[in-house]
Amino acid sequence: MPTLILLMIVGAFGYAFWNSSRAAAERAGVLGRNACKAADVQWLDQSVHAIGLKVARGDDGRLCFERTFKFEYSYDGIDRHVGRMVLRGDELVSFSGPGAARISAIRPDVDDAEDV
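Residues numbered from 1 in each chain as written. Predicted model: local features only at pLDDT ≥ 70, side-chain atom pairs only at ≥ 80, totals over all residues. Heavy atoms only, no water.

Topic: the sheet that holds strand β3 (residues 81-88)
Phase 1 of the analysis: Read from one edge to the other, the open sheet built from four strands follows the order β1-β2-β3-β4, with strand pairing classed as antiparallel. Looking along the sheet, the strands with just one partner apiece sit at the ends: β1 (42-57) and β4 (91-96). Adjacent strand axes in the sheet meet at a mean angle of 20 degrees when their direction is disregarded.
Phase 2 of the analysis: Relative to β4, β3 runs antiparallel, the two sharing five bridges. Residue pairing across strands places methionine 85 opposite phenylalanine 95, the latter belonging to β4.
Phase 3 of the analysis: Contacts from helix α1 (residues 2-38) reach β1, β2 (63-74), β3 and β4, with the element oriented near 40 degrees to β2. (Pairing = 2+ DSSP bridges. Helix = DSSP H or I, 4+ residues; strand = E, 2+ residues; numbered from the N terminus. Axes fitted to C-alpha atoms, helices over the stretch in contact; angles between N-to-C directions. Contact = heavy atoms within 4.5 Å.)

Quick look at the structure:
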């Protein structure tokens, strides 16, 4: 009987960890997609990949998981760049990825069009 109770407790903790991991991955996907859309770049593979996990203290002093995700994006559809974001709980702590939007439209009224 005590073995069954311990197994149920371990299963509940496993499910809670899995559920919070999926929620963090979905949040990271939304943040990566929005950053690529704002910077006018192509978000490649339509996914994020978890590359790190550690225990950290939140702003309120409580322990929480700090998850690191990576994603890939492209300015022209040929090259690949790697972006990285760190989530503490569901809060974005660090982000490196596409910067400001690039202007590369060719306008007929300008002879020397270049990226800004």
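Next comes the rest of the account.
What about α1?
Phase 1 of the analysis: In this model α1 runs 54 Å from its N-terminal to its C-terminal C-alpha over 37 residues, within 8% of the 54 Å that 1.5 Å per residue would give.
Phase 2 of the analysis: Residues of α1 that are buried include every one of Ser21, Ala24, Ala25, Ala28, Gly29, Leu31, Gly32, Ala35 and Cys36, and no others.
Phase 3 of the analysis: The inward-facing, buried residues of α1 contact β1, β2, β3 and β4. (Expected span 1.5 Å × (residues − 1). Buried < 20%, exposed > 50% of the residue type's maximum accessible area, 1.4 Å probe, protein only.)

Overview of the packing of aromatic side chains
Phase 1 of the analysis: Tallied over the full model, the rule gives five aromatic pairs.
Phase 2 of the analysis: Ring geometry for tyrosine 15 against tryptophan 18: centres 6.0 Å apart, planes inclined by 35 degrees, an arrangement best described as tilted. Of this pair, tyrosine 15 and tryptophan 18 both sit in helix α1, three residues apart, roughly one helical turn.
Phase 3 of the analysis: Taking the relative accessible area as the measure of exposure, tyrosine 15 reaches 51% and is therefore exposed.
Phase 4 of the analysis: Members of the aromatic cluster, connected to one another through ring pairs, are Phe71, Tyr73, Tyr75 and Phe95. (Phe/Tyr/Trp six-rings, centres within 6.5 Å; stacked < 30°, edge-to-face > 60°.)

These values are about where atoms sit, not about what they do.
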